[in-house]
Structure formats: C-alpha cells, structure tokens
Amino acid sequence: MRLRDCHNFHDFRRMAKRRLPGPIFDYIDGAADDEATYRRNTASFEQCDLVPSVLRGVEHVDLSVSVMGQKLALPVYCSPTALQRLFHHEGERAVAAAAGKFGTLFGVSSLGTVSLEEARRLGGGGPQCYQFYFHKDRGLNRAMMARAKAAGIEMMLLTVDSITGGNRERDKRTGFSIPFRLTPGGMAQFALKPAWGINYVTHESFKLPQLAEHVDMGGGAMSISRYFTDMLDPAMNWDDVAQMVREWGGQFCLKGIMSVADAERAADIGCTGIVLSNHGGRQLDGSRTAFDQLAEVVDAVGDRVDVMVDGGFQRGTHVLKALSLGAKAVGLGRYYLFPLAAAGQPGVERALELMRAELERDMKLMGCTSIAQLSRANLRFR
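The structure presented is a predicted model; accordingly, all values stated were derived computationally and were not measured. (Residues numbered from 1 in each chain as written. Predicted model: local features only at pLDDT ≥ 70, side-chain atom pairs only at ≥ 80, totals over all residues. Heavy atoms only, no water.)

Undergrad: It is not clear to me how the pattern of salt bridges should be interpreted in this structure. Could you clarify?
TA: Pairing is possible between side chains of opposite charge, provided their charged atoms come close. One pass over the structure, following the stated rule, counts 22 salt bridges. A salt bridge links Glu204 to Lys207; the nearest nitrogen and oxygen atoms lie 2.9 Å apart. Residue class for Glu204 comes out partly exposed when judged on its relative accessible area of 36%. Take Lys207: its relative accessible area is 36%, and that puts it in the partly exposed class. (Salt bridge = Lys/Arg side-chain N within 4 Å of Asp/Glu carboxyl O. Buried < 20%, exposed > 50% of the residue type's maximum accessible area, 1.4 Å probe, protein only.)

Below, the structure written as structure tokens:
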C-alpha cells in the first residue's frame, strides 16, 4: 500500500497496521475497558445531519479561525500525544514541521520524545501549546511551566482527566510498556515486523526530554504506567489549578473537561480555553462523547472561554458539525498518528492536506465562505 493510495483515515490506519508491530499499533488504536466510548466518539456524528444552503457564491473559502489569541489557518490542530518517536523515528519533528507548514497549532506533550525547544524551532514560528500533567512535585510543575515560557510557548494546556491511567486491556495482553516488558505473544508480533525494529535501533535512542531528569527510561527505573501512578497527583484540585493559572499569567487551557459545572469553574479561575475531551476513549469507558456535550457547554461558557473539542474526528464533515455547534477549533489525534506511523512527515502532510481539501469542499457545498457563517441553523439531530 502506497501513501498516494491513502484517501481517508481508514486507509492510513490500515497502512500503519501493516508497518507497526502489533503492540505498538494497539497502543495507538486501543482504548479503555470495552472501548465503547472510543467507538461512540465517531458514531455520534451520525446522529447529526448537515442542512446545506445553495446559490451563495462560494468561489473563495476562508478556513482560518482564532483560538486563545492565536490565528490558525485551519480550524483543526494536532493535539498533543505521547511517545511519537516510538511510532516513527521522526516523531514530533514530523508533526511540528507539518503543522507549521499548514499554519495550524501543534501540541507538545510532556511525554513527548522531542524537546519542546526543538519542536518550537521546527514549527517555523507557528502557534504551539505545551501539554503537561500535574505532578506531586510542585517544584517540577513550576519548572515545566518556566521552561515552556522560556521556549516561547504561547499556550499552556493542563490535562485534567488522567490523574490515573485508564484500563487499556490491549496493552495488558501484549505487555506493552516503556521500557518494553512484552509477553511472549507481544514479542512474537515484533518479530513479524523486523523493518520497524531495524528502524528503531538505527536511529537515536528513545528518550523523554521533558522528563529526562525525573523519569529514567534508559535504566528502566520507571515505566509510563508507573509515571501515572507514582508521579501524578490524584489530589489535584481547583485551588491547585487556579494557582497555576496565576503563575502562568497567559493563555491557559484545561483539556479533559466534560461537564457544564467544570467548564464554568474553569472560566471562574481564569482559564481562557477548555478542550472537551474523553481522551479518545482511553480513560473512562462509558463516558459521554465530547461532541454530544458540546452544545450545552458552549451555551454555558462560550462567551467566557474558547471551547475546543476532540475525540473521533475523521472527516471534514465531522469538523463542520462541531464548528456549527460553537467549537472554536477541533483537535486531531489518531487522525495524524496513523499517517505518522505509516510514512513520517509526508504521511502527516498528506493527512492534513486531505482534511484541508475536505473542509474547503464541504464548506462550498454548505454554502459558506467562512467558519463564522456556520451555525446551528444548518444542523438537524435525529
């Protein structure tokens, strides 16, 4: 299968599955418990229909949006995700460069495999956010924010739905962890994809630059699962976050908000943005989809904070439905991770180009020339 033969999310997923050892593919593709929320994330769009208008003069379409003080050329952005160099040796370098080329936001994860300073350079000065987790070590939290500010990061993004890891049973069956502790079945799957192993050992060693002084990957002192259970603070509360918002003193976003009450509290403590998200179905299985929660959250706080959303977006029409409900922008995760795994930077660029083409075509078919023209008037729910 060749990159030019990939025309949608499912094509990239199949290509990635052919290249990656099973445990790594399942790490990207898997979710919590029975994976019901993961499936519903995309299925939820099928309950919403678009109602297009015609004869509107749509020769030129403007896809740009403004989010948390940043101008994006596209209403979609590359959400921060962990361990990207495990999927392809270019990792965050590929995604940062591709996002910069398309003029959209890229998120660097605290579990990223390229330093936020390098990702900042590769982004070509485009907008970037830094995603981090709340640690028991308050000094570490302050140090991470100071480092991000020194690197010129405009937006701080705190993930609030991962105070403990989700029950990802695919990973348990294969023994996937960092460092690797594979089951016999998991090792056998690596043996079936020797090209990945050759690629992995012939490039620079795997590391987590943002946490290099705190999590020893080389010596195996701490696995990713232990990072979540040992270093993250389940006692995190609204007072802790309010203090971080004050210390950052700039654009501050909470990722993982789902309820109206939490959205209102985020606005009350000075957050300038929130991301409605169930973590791609990877945390609490049975959680409501972010798309289904979007309208009521926008109605409650949309005039106080920028509301973004992620989870299950695979098509331009999915994005337009969320924008019509009032989302400022849509985060993409697996949508770019599978192309990254399949083909590195060219894969990410092709995926973003396909999304841009879909959005422009769908906007014309909707009779809209700017994102601001989308509204709930062009939606009907079944």
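Undergrad: Could you clarify how one ought to interpret the nonpolar core in this entry?
TA: Grouped together as the largest cluster of nonpolar side chains are 119 residues, with contacts concentrated most on Phe252 and Ile274. No other element matches the 15 residues that helix H16 (residues 334-366) contributes to this core. The contact partners of Phe252, leaving out residues within four places of it in the chain, are Met68, Phe132, Met145, Met156, Leu158, Val241, Met244, Val245, Cys271, Thr272 and Gly273. (Core = buried A, V, L, I, M, F, W, Y, C linked by side-chain atoms within 4.5 Å. Helix = DSSP H or I, 4+ residues; strand = E, 2+ residues; numbered from the N terminus. Contact = heavy atoms within 4.5 Å.)

Undergrad: For this particular structure, what's the right way to read the pairing of strand E5 (residues 106-109)?
TA: The side chains of a regular strand alternate, first on one face of the sheet and then on the other. Covered by surrounding structure in E5 are Phe106 and Val108 together with Gly107 and Ser109, the residues of both alternating faces. Inspection of the sheet shows E5 paired to strand E6 (residues 128-132) by 4 bridges, in the parallel sense. Paired with Phe106 across the two strands is Gln128, which belongs to E6. (Pairing = 2+ DSSP bridges.)

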